[in-house]
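Given next are the chains, with one letter for each unit.
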Amino acid sequence: MAPRPDEDVFNQSPPFADVNLFTSDIALGEAVAREGAAWARRELDAFGALAGSATALDLGRLANEHPPRLRNFDPQGRRIDRVEFHPAYHDVMAISAAQGLHCSSFEHLLTGERAKAGVHVARCAGSYMGAQMEPGHCCPITMTHAAVATLRHQPGLARQWLPKILVRDYDPSPRPAEAKRAVTFGMGMTERQGGTDVRANTTSAEPIDGGGPGKAYRITGHKWFLSAPMSDAFLVLAQAKGGLSCFLVPRLRPDGALNGLRLLRLKDKLGNRSNASSEVEFDGAEGVLVGEDGRGIATIIDMVTFTRLDCAISSAGLMRQALARAVHHAWYRSVFQKRLIDQPLMAQVLADMALDAEAATALAFRLARAFDGGDDASEAAYRRLMTPVTKYWLCKTAPALVGEAMECMGGNGYVEEGGFPLLYREVPVNAIWEGSGNVMCLDVLRVIEKEPEAVERVVSELEDASRGEARLESAVEAVRALLSECARDQRAARSLVEQLAVLAGGTLLLRHAPQAVSDAFLATRLAGRWHSTYGAGSIRSDTGAILARAAPSLC
Ligand SMILES: Cc1cc2nc3c(=O)[nH]c(=O)nc-3n(C[C@H](O)[C@H](O)[C@H](O)COP(=O)(O)OP(=O)(O)OC[C@H]3O[C@@H](n4cnc5c(N)ncnc54)[C@H](O)[C@@H]3O)c2cc1C
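Residues numbered from 1 in each chain as written. Predicted model: local features only at pLDDT ≥ 70, side-chain atom pairs only at ≥ 80, totals over all residues. Heavy atoms only, no water.

Colleague: Teacher, can you tell me more about the pattern of salt bridges here?
Modeller: When the charged atoms of two side chains with opposite charge come close together, those side chains can pair. Under the defined criterion, the tally for this structure stands at 38 salt bridges. For the salt bridge of Glu30 with Arg549, the shortest nitrogen-to-oxygen distance reads 2.7 Å. Note that Glu30 is positioned in helix α2 (residues 26–37) and Arg549 in helix α20 (residues 543–550), a separation of 519 residues in sequence. Judged by its relative accessible area of 31%, Glu30 is partly exposed. Residue Asp58 pairs with Arg61 through a salt bridge whose shortest N-O separation is 2.8 Å. With Asp58 and Arg61 both in helix α4 (residues 54–65), this residue pair falls three residues apart, about one helical turn. What makes Asp58 partly exposed here is its relative accessible area of 33%. One salt-bridge network, in which partners are shared between bridges, spans Arg34, Glu35, Arg366, Arg369 and Glu379. (Salt bridge = Lys/Arg side-chain N within 4 Å of Asp/Glu carboxyl O. Helix = DSSP H or I, 4+ residues; strand = E, 2+ residues; numbered from the N terminus. Buried < 20%, exposed > 50% of the residue type's maximum accessible area, 1.4 Å probe, protein only.)

Written out as structure tokens, the structure is:
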């Protein structure tokens, strides 16, 4: 008798679905509580169940299998420049918007109250899980959230736009912002001739009626990358009389006509498939100057700083997702009569990855707390120095970890329907956009030169946290030596940034993680030779204890 199909399938792991992304992630729950958002636990628990549900993960799959398409014309030949998305994309956007991932940390601005302590940490916890549900849509969610920081430079514009940003709703209808209850924002900086070097921008802005902050201009030029082109408005850099300036450019005019924004084509990208990224031309688009004429970089940098935080958060989330899937697979899959998780060499590889994933989570949420820190000098210094450091290290570590985790899945890891190819294609983009690796390092050098007191404050605090732990103490010495070296030679910057990240991660794990985790991290990342591939370090650690902590709830 032929076997029934289901009986024929054995020694395969059960589907990775219906995992509560919050309660199954011990390191996340602890980080959220210690960094000031314990009050959000119940809400995050509910969101974790939703974001990790089979339904939501399937929406993520669909949104990527059916990428957006550009439609420039209607059937009669009229220009419409619309992007069509699969309904699943709108569904994941609506899920994240209902959770307030685009606005929750700024909601107090509408009431004029003080921000509740931990609002950024709570929002970041949601974003960390939202990225695991579907990473591509995090781009417009992040940009909408971050735009608030720049809009605050122009109180009149803030009054006009914030009530439609700070609402836990999503309205993708192609109507002018004036007619909508909720809006999203994009960002236009990168041009063909320069992305990092935005001073090379050639897009120009002419005042319509005298010009000045809050006044109207006509924008003419192009952008080589403009993600989420269906956003309701964009913060755009263009050359005005005083130099590079920041403008708010709505996509549609109040009467619903296109605002001179022509979508030329969508990028055919390695990953990030659910998210549309376009090339655009501005043909006399009307925009309003945000902040001072000629102060465009200083104005938009507040937005960029928040998107850098989100790159770090998203990278930590994707590392967690890859690790959880790999541990889950190894838990159920047997090879040579023994479960993979019990094979010493596999346990070593998985445990080694778990160390980076946990350090990434700890660093990401420590940084999020600094964003809750307001004017506090220590938190401001941490924010300034450790935003580029954390973005650098997490975004650089994530692709290697996701690649290794994919290999732990064997052939299933390489097959689209298992979900790993989506993660693998997505993960490198966080290192590229919002300031690539070298740009993060150059930013750290800028802090060293312009704000040495901020550097000293952070390093002194790391020094205090290291006292009594020889491996951390020698890492502090290495950081101090690299700080001097960087002053003479910028080529040392990557070493410095990596050393700072690992030192900060090590101090957090020493204080807050179980000894099995912190000991193994310090032994393999700070003492002796740095391992070159996962599992290759001289790890003599309690891999069982590390993996018991890292395992998702299905195991
Ligand atoms: C999927 C995707 C979506 C995007 N969406 C947007 C968007 O919505 N809006 C937007 O404005 N941009 C967007 N970008 C553009 C992105 O921000 C830029 O690609 C990025 O900032 C790098 O700029 P660039 O491509 O011009 O590369 P370049 O600036 O030419 O940099 C190339 C390389 O040189 C390095 N480098 C630069 N300067 C130095 C230096 N002084 N010393 C050493 N190394 C250096 C960089 O680190 C990088 O590795 C998007 C990009 C991608 C891939």
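Having seen the model, we can carry on.
Colleague: What exactly am I supposed to notice about the packing of aromatic side chains here?
Modeller: For any pair of aromatic rings, the description consists of the separation of the ring centres together with the inter-plane angle of the planes. Per the counting criterion, the structure on display carries six aromatic pairs. Centre to centre, the rings of Tyr128 and Phe365 are 5.6 Å apart; their planes meet at 65°, and the pair counts as edge-to-face. Placement of the pair is Tyr128 in helix α7 (residues 119–133) and Phe365 in helix α11 (residues 344–372), with a sequence separation of 237 residues. Phe365 carries the same exposure label as Tyr128, and that label is buried. Summarising the aromatic geometry, the rings of Phe306 and Phe371 are spaced 5.1 Å apart at their centres and angled 55° between planes, so their arrangement reads as tilted. Remark: Phe371 occurs in helix α11 and Phe306 occurs in helix α10 (residues 296–332); sequence separation between them is 65 residues. Take Phe306 and Phe371: they sit in the same class, and that class is buried. What links up through ring pairs into an aromatic cluster is the set Phe106, Phe306 and Phe371. Between Arg366 and the ring centre of Tyr382, over which it is positioned, the NZ or CZ distance is 3.9 Å. (Phe/Tyr/Trp six-rings, centres within 6.5 Å; stacked < 30°, edge-to-face > 60°. Lys NZ or Arg CZ within 6 Å of the ring centre and 35° of its normal.)

Colleague: What's the story with the packing of α11 against helix α19 (residues 515–526) in this structure? I'm lost.
Modeller: Helix packing for two helices is described by the angle between their axes and how far apart those axes are. Contact pair α11 / α19: the axes reach a minimum separation of 10 Å and the direction vectors enclose 100°. When the interaxial angle is binned, α11 and α19 end up roughly perpendicular. Across the interface between the two elements, Asp352, Leu355, Asp356, Glu358 and Ala359 of α11 pack against Val517, Ala520, Phe521, Thr524 and Arg525 of α19. Grouping the amino acids of the contact of α11 with α19 by side-chain chemistry returns five nonpolar, one polar and four charged. (Axes fitted to C-alpha atoms, helices over the stretch in contact; angles between N-to-C directions. Parallel < 35°, antiparallel > 145°, perpendicular 65-115°, else oblique. Contact = heavy atoms within 4.5 Å. Nonpolar A, V, L, I, M, F, W, Y, C, P; charged D, E, K, R; others polar.)

Colleague: What am I meant to see in the state of the cysteines here?
Modeller: When the sulfur atoms of two cysteines share a covalent bond, that bond is a disulfide. Scanning the model with the defined rule gives zero disulfides in all. Cys395 forms no disulfide, and the closest cysteine sulfur to it belongs to Cys311, at a distance of 5.3 Å. (Disulfide = S-S within 2.5 Å.)

Colleague: Would you explain the nonpolar core in this entry?
Modeller: Side chains of nonpolar character tend, in soluble globular proteins, to be buried together. In this structure, Phe185, Leu235, Leu350 and Phe365 are the most contacted members of the largest nonpolar core, which totals 175 residues. For this core, the element with the most residues is α11, which contributes 19 residues. If near-sequence neighbours (up to four positions away) are discounted, Phe185 is found in contact with Pro140, Met143, Thr144, Ala147, Leu151, Trp161, Ile165, Ser231, Ala233, Phe234, Leu235 and Leu248. (Core = buried A, V, L, I, M, F, W, Y, C linked by side-chain atoms within 4.5 Å.)

Colleague: Hey, could you run me through empty space enclosed by the protein in this one?
Modeller: The probe, sized like a water molecule, is rolled over the atoms to show the empty space still left. Under the counting rule described, the total for this entry stands at six cavities of 30 Å³ or more. Taken together, 14 residues make up the lining of the largest cavity; nearest its centre are Asp25, Ala27, Arg320, Glu358 and Ala550. Elements with a minimum of two residues in the lining of the largest cavity: α2, α10, α11 and α20. Per-element accounting of the lining of the largest cavity gives the leading share, four residues, to α11. Within this model, the second largest cavity holds a volume of roughly 50 Å³. Lining the second largest cavity, in full, are Ala27, Ala31, Arg34, Glu358, Thr361, Ala362, Leu508, Leu509, His512 and Ala513. Counting residues per element, the ones that place at least two in the lining of the second largest cavity are α2, α11 and α18 (493–512). Each residue belonging to the lining of the second largest cavity can be placed in one class, and the counts come to six nonpolar, two polar and two charged. (1 Å grid on protein atoms, 1.4 Å probe; cavity = no way out; pocket = protein on both sides within 12 Å on 5 of 7 lines; lining within 4 Å. Points joined across faces, edges and corners; volume = space filled by probe spheres on them.)

Colleague: Help me out: how do you make sense of the site of the ligand in this one?
Modeller: Near the ligand you find 20 residues, and of these Met187, Met189, Thr190, Thr196 and Ser227 are the closest. For the ligand, an oxygen atom lies 2.8 Å from a polar atom in the backbone of Met189. Here a nitrogen atom of the ligand sits 2.7 Å away from a polar atom, N or O, in the side chain of Thr190. Look at the ligand: alone it shows 980 Å² of surface, and the protein chains cover 66% of it. (Near = heavy atom within 4 Å. Polar contact = N/O pair within 3.5 Å; in protein donor to acceptor, adjacent residues only side chain to side chain. Areas by Shrake-Rupley, 256 points an atom, 1.4 Å probe, with all protein chains shown as cover.)

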